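Chain by chain, the residues:
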Number of protein chains: 2
Amino acid sequence: MRLAELSERSGVSTATIKYYLREGLLAPGRQINTTTAEYDEEHLRRLRLVRAMIQVGRVPVATVREVLRHVDDDSLGRTIRLGAALWALPQIPEPDTEDEYVRAAHGETEQLLDTLGWSNAKALVTISPAYRSLVVAVAALRRLGYDWSPELLTSYARLMHQAAVLDLDFMETHPTEAEKVEVAVLGAVLVQPMLQALHRLAQEEESARRYGFE
Amino acid sequence: MRLAELSERSGVSTATIKYYLREGLLAPGRQINTTTAEYDEEHLRRLRLVRAMIQVGRVPVATVREVLRHVDDDSLGRTIRLGAALWALPQIPEPDTEDEYVRAAHGETEQLLDTLGWSNAKALVTISPAYRSLVVAVAALRRLGYDWSPELLTSYARLMHQAAVLDLDFMETHPTEAEKVEVAVLGAVLVQPMLQALHRLAQEEESARRYGFE
DNA sequence: ATGCTTGGATAGTGGCACTACCCAAAGGAA
DNA sequence: TTCCTTTGGGTAGTGCCACTATCCAAGCAT
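Values in this document were obtained by computation on a predicted structure and should not be read as measured data. (Residues numbered from 1 in each chain as written. Chains lettered and ligands numbered in written order. Predicted model: local features only at pLDDT ≥ 70, side-chain atom pairs only at ≥ 80, totals over all residues.)

1. What to know about the protein's contact with DNA strand C
Here is the rule we go by: Being near a molecule or strand means, for a residue, that its C-beta atom, positioned from the backbone, comes within 6 Å of it. A run of DSSP states H or I qualifies as a helix once it reaches four residues; a run of E qualifies as a strand once it reaches two. Both are numbered from the N-terminal end.
Neighbouring DNA strand C are 21 residues; R2, L3 and A37 of chain A together with P60 and V61 of chain B lie closest to it. Listing elements by their share of the surface near DNA strand C, those giving two or more residues are α1 (3-10) and β2 (36-38) of chain A together with α2 (14-22) and α4 (61-71) of chain B. It is α2 of chain B that contributes the most residues to the surface near DNA strand C, three residues altogether.

2. Topic: the pairing of strand β1 (residues 30-33) of chain B
All names here are of chain B. Operational definition: If DSSP finds at least two bridges between two strands, the strands pair.
Relative to strand β2 (residues 36-38), β1 runs antiparallel, the two being bridged by three bridges. Bridge pairing in β2 links N33 to T36. In this structure, the hairpin formed by β1 and β2 is closed by a connection of two residues.

3. Re the environment of P150 of chain B
All names here are of chain B. For clarity, the threshold we go by: Placing C-beta atoms from the backbone, we regard two residues as in contact once those atoms come within 7 Å.
For P150, the location among the structural elements is in helix α9 (residues 150-172). Distance in space between the C-alpha atoms of P150 and L134 is 13 Å, their sequence separation being 16 residues. Once residues within four sequence positions are removed from consideration, P150 is found in contact with E108, Q111 and L112.

4. Here's the deal with the protein's contact with DNA strand D
Rules: Residue classes follow a fixed rule: Ala, Val, Leu, Ile, Met, Phe, Trp, Tyr, Cys and Pro count as nonpolar, while Asp, Glu, Lys and Arg count as charged, and any other residue, Gly among them, counts as polar.
Close contacts around DNA strand D come from 21 residues, with N33, P60 and V61 of chain A together with R2 and A37 of chain B the closest. Elements represented by at least two residues in the surface near DNA strand D include exactly α2 (14-22) and α4 (61-71) of chain A together with α1 (3-10) and β2 of chain B. When residues in the surface near DNA strand D are grouped by element, the largest group, three residues, is from α2 of chain A. Here the residues of the surface near DNA strand D are counted per class, giving 10 nonpolar, 10 polar and one charged.

5. Observations concerning the packing of helix α6 (residues 100-116) of chain B against helix α8 (residues 129-143) of chain B
Residue and element names in this part refer to chain B. For the record, the criterion: Angles here are taken between N-to-C directions and fall from 0 to 180 degrees, while the axes themselves are lines fitted to C-alpha atoms, restricted in helices to the stretch in contact. Here the word oblique covers every angle except those under 35 degrees (roughly parallel), over 145 (roughly antiparallel) and from 65 to 115 (roughly perpendicular). Helix crossings get a hand from a simple test, with the near helix turned counterclockwise from the far one by less than a right angle marking a left-handed crossing and a clockwise turn marking a right-handed one.
Between α6 and α8, the least distance of the axes is 8 Å, while the angle of their chain directions is 120°. It follows that α6 is oblique to α8 by the angle criterion. Viewed along their axes, α6 and α8 form a crossing whose handedness is right-handed. Along its contact with α6, which presents Y101, V102, A104, A105, H106, E108 and T109, the element α8 presents Y131, L134, V135, V138, A139, R142 and R143. Its residues assigned to classes, the contact of α6 with α8 comprises nine nonpolar, two polar and three charged.

6. Quick look at the relation of the copies chain A and chain B
This is how it is decided: Superposition of the copies used a least-squares fit over C-alpha atoms from residues whose pLDDT is at least 70 in both.
Of the transformation superimposing chain A on chain B, the axial component is 0.0 Å and the angular component is 180°, with the fit at an RMSD of 0.1 Å. Overall, the copies show the geometry of a two-fold rotation axis. Judged by C-alpha distance, L159 of chain A is the residue of chain A that lies nearest the rotation axis, at 3.1 Å.

Here it is in structure tokens:
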């Protein structure tokens, strides 16, 4: 398969594919001579993954490169590899540790982990980007003056834990290590917009049930 | 409160506040004379809401303007107003109805709504942006060749329905109509990053439980 | 021979969220 | 009174990002 065919089958322009090659999001094809390269099904698959991450998951190109670097790193064990790939994802800026709301959110979030009994997550507090994102989100809500109760937060957390169990169960149905990591990344990148859409749709459904269409 | 104080108390630069004023994200202050305007607590509150939507929710400025237009529109009933505000949010492009994956995802999604008994949502199929986002996400997953089972999708949907119930219960604890709509918007914009963070943290927790840190 | 494709490279585009600078008028402080 | 700051208003520029367009010389297909 040459560049033109790769482009046609993926729906991505040749110019964009070249751009991805330059940016290291796609491995170069097998060079046949100076002016021809051969691509295979794996290239097509990777290209579709990249596109899905960028278009559906809104992941920046630089981040995609980081994530893929971890996905392809055979030297790492599964948990580390999975974690590394997922940790490369977050797009939220560093919380300002000077900010009083951030500090309060910090305390509240640690409390939450205790309540939930997420002892493993608690061990990651200082380093996990997910934890930092959570702190930023909670601080933003508090700054707006909402008295979102800790119980509500706990309820949300339990729901997302159930979602995580579903994710990992599904991941385990895949045989190879590479596939497992890829599924995990997809679970973080593609399932998220899906959950968001389901969330909004559920809000509309529930709202209509309670108040009708008026 | 003058511009400088509004800037200091919100942590937003005066230049950016001027930009928001120009873009219609913030109502002009009460003009005292040609060179002075007075802002109040409501301005501060609105500014913080705007910042939260943009920074935490990653909502584009133009979209924020649309959402606020609906939030402030007293002429609409609650459900419509809520729906209108939420419908202004989505950032996913129109699905390509020619695409076979999109059409298959369409069918699958309608099937899902039947299974769930979300009859109200089904009535919105042709117009709801949330529904379209869902179709796009499902199509992307299918295009990558994953045999994500309908049961898994249904499980996710039930979880998000529980989340929606929590959202609306919390919304109802607020007395005024304006507050209710604002809370609903926040529920869509700010709770989402929070859920995402909780989701990733839960993945890390569950992964560590199953496989340890290695 | 002709026309298309290749990798490689460089430069340009369009959108977005600011950000910097300038202005004349107004008000307060010295 | 003079100086300084602040105001709204406006214009132009910045930095990032994801492409996109154009050019090139070399090679292969017909």
